[in-house]
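Residue-level listing of the chains:
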Amino acid sequence: MSGAPLGIDQLRAALLAAGDHLAAARDELCELDAVAGDGDLGVTLAAGFRHVDAALRVAPADDAGQLFRETGLQLARNAPSTIGALLASAFLRIGGELTGVGELDGARVAALLQTAATSVAERGGAEPGQRTVLDAMAAASAAARTAADAGAGPADVLRRAADGAAEGAAATAAMEPVHGRAGWIAERARGREDAGARAWAVFVDGLAAGVTPLADPQV
Amino acid sequence: MTETTGATAPMRKFINDPEAFVDELVEGLVLAHPQRLRRLADEPRGVVRADGDFAGRVAIATGGGSGHLPLFVGYVGRGLADGCSVGNLFASPSSDQMLGVTQAIDGGEGVLYLYGNYGGDRLNFDLAADLAAAEGIRVATVRAADDVASAPPERASSRRGVAGIYFGYRIAGACAATGADLDTVAATAGRALERTRSMGVAVSSCILPTVGRPNFEVPAGEMEIGMGLHGEPGVRRGPLLGADDVGAELAGRILDDFAFDGPQEVAVLVNGLGATPAEELLLIYRSVHAVLAAAGHRVHRVLVGEYATSLEMAGASVSILQLDDELRGLLDADADPPITMAG
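Overview of the overall build of chain A
Counting its secondary structure elements, chain A contains 10 helices and 0 strands. Expected size for 219 residues packed as a compact globule is a radius of gyration near 17 Å; at 16 Å, chain A falls within 12% of this value. Of all 219 residues assigned to chain A, the portion counted as buried reaches 55%. In chain A, of all internal contacts separated by at least 6 residues, the share reaching a separation of at least 24 is 73%. For chain A, the distance from the average site of its 18 positive side-chain charges to the average site of its 28 negative ones is 4 Å.

Below, the structure is given as structure tokens:
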């Protein structure tokens, strides 16, 4: 029951769609960020992904690694913020791991979502349960792993990962913030999703939406 | 007549547009020291050594938030750091700035990132290292985590970096000047900072020009032992004590943390946080000296002055470096003074 692997052009389309989804969620993300931060997370990511979009469209991508490296470089340059630096590091690391890889099967997709979570955990020093982007990343990775282990193809792995990320982000609403400024104002943040976690849920949902039309309907 | 409250009282500061404060101070710095410092053409908050003497040896990059002069940019100089990324007040510079500085100072032997252990700085320097690696520049990292007040010994790697980073600049700069390779410079600077402990005390707060009121309050007549450079909570607050007691407490807490098994040879740095005069720092050193002498430690070198400040915060910190033969030799090497003491 495995779906067709993702080629470079499908991956490019998925990343572009993910950027579009983040741009569409800009105001919602800013509003969530304003509860505990300075309220610019949506603007920062939307601006960063505008540059990602422009770069991906012209990037002569021979391999999947190049697309992720380009995504990371553009975010590093154009999304200066904690979330921007964390995501840039994660994408650069995924890019390194996918160097020379031309197709992504379900296991590869699960692995890259795991790499994202590992990178953010190491760089950000957070653990799951601390109301950060990592809560969505870990949940997305776990859901993707389960799907891939059951033999799902990449489109289905992404869809399951998106559902997992959404659940992980939703769970942050009940968590006590530990990191960053959010740690100072626990009461205000309670009941609202963490903006970074929500952003990852939006991003992975966009990836899944970007490949769905080309996915194997049998999966 | 209504009484003016502290929150709305005008700042007693010489500033222009608060948002321009950092750019203007960097401009003033390079105008004042054109032989020593220059700004990068495409990165005005990237400052490197004006003599451009980076070829054939490991270069040292630093950076961090503004508001701590001479830390960080004031340690760009001979025998110290080669380049610095200047952040906003108390805020990390961006990875892009750091990459620009890295490219400007890399002489082909790699670049050591030497900075204080704060979350934002770590994130951006790590990302800058990724970006540099993608361009074929080798980077190693050493973080100052010398503030014993900021975490217990079992979590020493999570401690904040404070004035003790000065010893890191001296050791790294001297080691790089010997032509040692990147791994050696990083290991040597790392060893020096692992053998450095600091403890501070604050008696008043500071005002960020962009904020316009004190960041926090220390009530008159009180002091906070262990307060961080940005007003992070310390280990105890109590009545303001005399210089003898303050020096003894700071030195005592550092020595407790070291837990030496016998007399050592040390270097000592007594640092003013911005508004405490040199006279008072000398009184504190006098007390620290007595504590060290009583324990049988030999003081090889003493530095008293402003090395890591927090704008106009009143307070002081003590840093102690446990020397060995190699570190003593490197610390004795000639180096430029901190830029605020340079003529």
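A closer look at the domain arrangement of chain B
Residues and elements named next belong to chain B. The domain boundaries assigned to chain B delineate domain 1 (19-194) and domain 2 (196-341). Centre-to-centre separation of domain 1 and domain 2, based on C-alpha positions: 22 Å. The partner domain 2 presents 46 residues to the 42 residues of domain 1 that form the contact. Between domain 1 and domain 2, roughly 3900 Å² of surface is buried when both sides are summed, and carbon and sulfur atoms account for 63% of that area.

Comments concerning the interface of chain A and chain B
Where interface size is quoted, it is often the accessible area lost as the parts come together. In this complex, chain A contributes 12 residues to the contact, which on the side of chain B involves 9 residues. Its largest share of buried area at the contact with chain B, chain A owes to A:Ala76, A:Ala85 and A:Arg123, together 51% of the area lost on that side. Counting the contacts that link chain A with chain B gives 2 salt bridges. Where B:Asp130 meets A:Arg123, a salt bridge forms, and the shortest distance between an N and an O atom there is 3.0 Å. Counting across the chain A and chain B interface gives 1 residue pair in polar contact (both at pLDDT 80 or more). Counting only elements with at least two residues in the side of chain A that touches chain B, the list comes to helix H4 (64-78), helix H5 (82-97) and helix H6 (106-124) of chain A. With 6 residues, H5(A) is the largest single contributor of residues to the side of chain A that touches chain B. In the side of chain A that touches chain B, the residues fall into 7 nonpolar, 3 polar and 2 charged.

Brief notes about a negative patch on the surface
The grouping of B:Asp17, B:Glu19, B:Glu24 and B:Glu27 at the surface amounts to a negative patch. Looking at B:Glu24, the relative accessible area reads 34%, which means it is partly exposed.

Examining the sheet that holds strand E10 (residues 265-272) of chain B
Strand-to-strand pairing in sheets goes through backbone hydrogen bonds, with the strands running parallel or antiparallel. Residues and elements named next belong to chain B. Spatial ordering of the open sheet is given by E9-E8-E7-E12-E10-E11, a layout of 6 strands whose pairing is mixed. Because the sheet does not close on itself, it has two edges, and the strands there are strand E9 (236-239) and strand E11 (298-305). Across the sheet, the axes of successive neighbouring strands diverge by a mean angle of 15°, strand direction being ignored. Here 7 bridges tie E10 to E11, and the two strands are oriented parallel to one another. Bridge assignment links Val270 to a residue of E11, and that residue is Val304. Across the sheet, helix H6 (residues 243-258) touches strand E7 (196-202), strand E8 (222-225), E9 and strand E12 (315-322), and the angle it forms with E7 is around 150°.

Some points on the sheet that holds strand E6 (residues 139-144) of chain B
Residue and element names in this part refer to chain B. If you trace the 6 strands from one edge of the open sheet to the other, you get E1-E2-E4-E3-E5-E6, paired in mixed fashion. Whereas interior strands pair on both sides, the edge strands pair on one side only; in this sheet they are strand E1 (37-40) and E6. Going from strand to strand, the sheet's axes swing by 25° on average, the running direction of each strand aside. Across 5 bridges, strand E3 (residues 59-66) lies against strand E4 (residues 83-89) in parallel orientation. Each residue of the ladder has a partner; that of Gly64, found in E4, is Val86. Lying over the sheet, helix H1 (residues 21-32) contacts E1, strand E2 (43-49), E3 and E4, oriented at roughly 135° with respect to E1.

Side note on helix H7 (residues 133-149) of chain A
Residues separated by three or four positions in an α-helix point in the same direction, a consequence of the helix having 3.6 residues per turn. All names here are of chain A. Compared with an ideal rise of 1.5 Å per residue, which puts 17 residues at 24 Å, H7 spans 24 Å between its outermost C-alpha atoms and is within 8% of the ideal. Taken together, the buried positions of H7 are Val133, Leu134, Asp135, Ala136, Met137, Ala140, Ser141, Ala143, Ala144, Ala147 and Ala148. A positive backbone phi angle near 95° is found at Gly151, which sits one or two residues after H7.

Some thoughts on the pattern of salt bridges
Within this structure, the stated rule accounts for 36 salt bridges over all chains. Residue A:Asp53 pairs with A:Arg57 through a salt bridge whose shortest N-O separation is 2.6 Å. Here A:Asp53 pairs with A:Arg57, and both are found in helix H3 (residues 41-58), just 4 residues apart, close to one helical turn. Through salt bridges with shared partners, one network takes in A:Arg123, B:Asp126, B:Asp130 and B:Arg143.

Quick notes on the packing of aromatic side chains
For the coordinates displayed, the defined rule picks out 12 aromatic pairs over all chains. Between B:Tyr166 and B:Tyr307, the aromatic rings sit 4.8 Å apart at their centres with planes inclined by 55°, giving tilted as the arrangement. Linking B:Tyr166 in helix H4 (residues 165-177) with B:Tyr307 in the loop between E11 and E12, this pair joins segments that are 141 residues apart in sequence. Three or more aromatic residues joined by ring pairs form one cluster here, namely A:Phe49, A:Phe68, A:Phe91, A:Trp200 and A:Phe203.

Some points on the pairing of E4(B)
Residues and elements named next belong to chain B. Counting buried positions along E4 yields 6 of 7 residues, so the element is predominantly enclosed. Here 3 bridges tie E2 to E4, and the two strands are oriented antiparallel to one another. Considered in E4, the bridge of Gly46 is made with Ser85.

Calculation rules
- Residues numbered from 1 in each chain as written.
- Chains lettered and ligands numbered in written order.
- Predicted model: local features only at pLDDT ≥ 70, side-chain atom pairs only at ≥ 80, totals over all residues.
- Heavy atoms only, no water.
- Helix = DSSP H or I, 4+ residues; strand = E, 2+ residues; numbered from the N terminus.
- Rg over C-alpha atoms; globule rule 2.2 N^0.38 Å.
- Buried < 20%, exposed > 50% of the residue type's maximum accessible area, 1.4 Å probe, protein only.
- Contact = heavy atoms within 4.5 Å.
- Lys, Arg positive; Asp, Glu negative; His and termini not counted.
- Charge placed at Lys NZ, Arg CZ, Asp CG, Glu CD.
- Domains from an automatic or database assignment.
- Buried area = accessible area lost by both parts, 1.4 Å probe.
- Salt bridge = Lys/Arg side-chain N within 4 Å of Asp/Glu carboxyl O.
- Polar contact = N/O pair within 3.5 Å; in protein donor to acceptor, adjacent residues only side chain to side chain.
- Nonpolar A, V, L, I, M, F, W, Y, C, P; charged D, E, K, R; others polar.
- Patch = residues over 30% accessible without salt bridge, like charges linked within 9 Å, V, L, I, M, F, W, Y side chains within 5 Å.
- Areas by Shrake-Rupley, 256 points an atom, 1.4 Å probe, with all protein chains shown as cover.
- Pairing = 2+ DSSP bridges.
- Axes fitted to C-alpha atoms, helices over the stretch in contact; angles between N-to-C directions.
- Expected span 1.5 Å × (residues − 1).
- Phe/Tyr/Trp six-rings, centres within 6.5 Å; stacked < 30°, edge-to-face > 60°.

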